[in-house]
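# Coordinates in review
Here's the letter readout for the chains.
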Amino acid sequence: DVTWGTWQGNNGPIEVKTDPNNPATTVDINTPLHWIFATPMTTAEIAQKSGRFWYNNLVFYSGETATGSVTDMYLMMDLDFDDGKISDGRIKIKTEDNNGEDTWFSKFSGQLSGYQVDITIDEANHNDSQTATGTMPIFLTGSSSAAMAGSYRFEESNDSSTFVSGVFLLTGSQATDS
């Protein structure tokens, strides 16, 4: 089972504790916070996986910007369970507001670390003209299907008030190399 939602945080910034060993280490978030909950895969379930899996089936996505909503999303990546490497990662997010349609795009790579997928953003942009930075925390969930549940946040490098953020659930299948 996967549950997700958006916390609007009406009473000022949302304070997020970022270090479990030091509760004083926090980050304030002044935008809606998207959350996702699912049971992570166990180490034993992950150990039973082998070979390369192609993840490209978005089961759901949700998100928004400072001025609009996410209208379409494409997400794909390879995960090789033999060495844990993430390759060929791409995300394209389309948003719409009163000024029309925007597109966010990123290429990424990464490494499986237990049930967590540590993503490195290799490049990102907004409307092909503005460089962007981003994060994509992802974890494996499910047993036999090994779905990926995660969130994303991208913002323009020179303007953090121009952003897109949200959550997703992605499934895939074992790749057949020819």
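Residues numbered from 1 in each chain as written. Predicted model: local features only at pLDDT ≥ 70, side-chain atom pairs only at ≥ 80, totals over all residues. Heavy atoms only, no water.

## What about the overall build of the chain?
The helix and strand tally for the chain stands at one helix and 13 strands. Across the 178 residues of the chain, 38% fall into the buried class. Taking contacts inside the chain between residues at least 6 apart in sequence as the whole, the part at least 24 apart equals 53%. For the chain, the accessible surface area stands at approximately 9,700 Å², while carbon and sulfur atoms represent 45% of it. Mean positive and mean negative side-chain charge positions of the chain (9 and 24 charges, respectively) differ by 5 Å. (Helix = DSSP H or I, 4+ residues; strand = E, 2+ residues; numbered from the N terminus. Buried < 20%, exposed > 50% of the residue type's maximum accessible area, 1.4 Å probe, protein only. Contact = heavy atoms within 4.5 Å. Areas by Shrake-Rupley, 256 points an atom, 1.4 Å probe, with all protein chains shown as cover. Lys, Arg positive; Asp, Glu negative; His and termini not counted. Charge placed at Lys NZ, Arg CZ, Asp CG, Glu CD.)

## Some words on the nonpolar core
Among the nonpolar cores identified, the biggest contains 30 residues, and Y55, M136, L140 and Y152 are the most heavily contacted of them. Broken down by secondary-structure element, the contributors of at least two residues to this core are β5 (52–65), β6 (69–80), β7 (85–97), β8 (100–113), β9 (116–126), β11 (138–141), β12 (147–156) and β13 (159–174). Top contributing element to this core by residue count: β6, with five residues. By size, the runner-up hydrophobic cluster in this structure holds eight residues, among which are A38, F60, F139 and L169. (Core = buried A, V, L, I, M, F, W, Y, C linked by side-chain atoms within 4.5 Å.)

## Notes on the pairing of strand β4 (residues 33–38)
Only one face of β4 is covered, namely the face carrying H34, I36 and A38; the face carrying L33, W35 and F37 is uncovered. Taken together, the six bridges between strand β1 (residues 2–7) and β4 define a ladder with antiparallel strand orientation. Within β4, the position partnered with T6 by the bridge is H34. (Pairing = 2+ DSSP bridges.)

## Description of the side chain of H126
One can find H126 in strand β9. The exposure class of H126 is buried, given its relative accessible area of 5%. Side chain to side chain, H126 and E156 meet in a polar contact 2.6 Å long. Once you skip the residues sitting within four places of it in the chain, H126 turns out to touch D102, T103, W104, A132, E156 and T162. (Polar contact = N/O pair within 3.5 Å; in protein donor to acceptor, adjacent residues only side chain to side chain.)

## A word on unusual backbone geometry
If you check the backbone angles, N127 has positive phi at about 55° while not being a glycine. One can find N127 in the loop between β9 and β10 (130–135). For N127, a relative accessible area of 34% puts it in the partly exposed group. Located in the positive-phi region is D128, a residue other than glycine, with phi close to 60°. Mapped onto the secondary structure, D128 falls in the loop between β9 and β10. D128 gets classed as exposed once you look at its relative accessible area, which sits at 71%.

## Brief notes about the pattern of salt bridges
Following the criterion strictly, the structure yields two salt bridges and no others. D78 is the salt-bridge partner of R52, the closest N and O atoms lying 3.0 Å from each other. Here R52 is found in strand β5, whereas its partner D78 is found in strand β6, with 26 residues between them in sequence. Accessibility expressed as a relative area gives 27% for R52, which makes it partly exposed. Overall, the relative accessible area of 5% leaves D78 in the buried class. With its nearest N and O atoms 3.2 Å apart, the salt bridge here joins E155 to R153. Classification of E155 by relative accessible area gives partly exposed; the value is 22%. Residue R153 is classed as partly exposed on the basis of its relative accessible area of 25%. (Salt bridge = Lys/Arg side-chain N within 4 Å of Asp/Glu carboxyl O.)

None of the figures reported here should be taken as evidence of function without further support.
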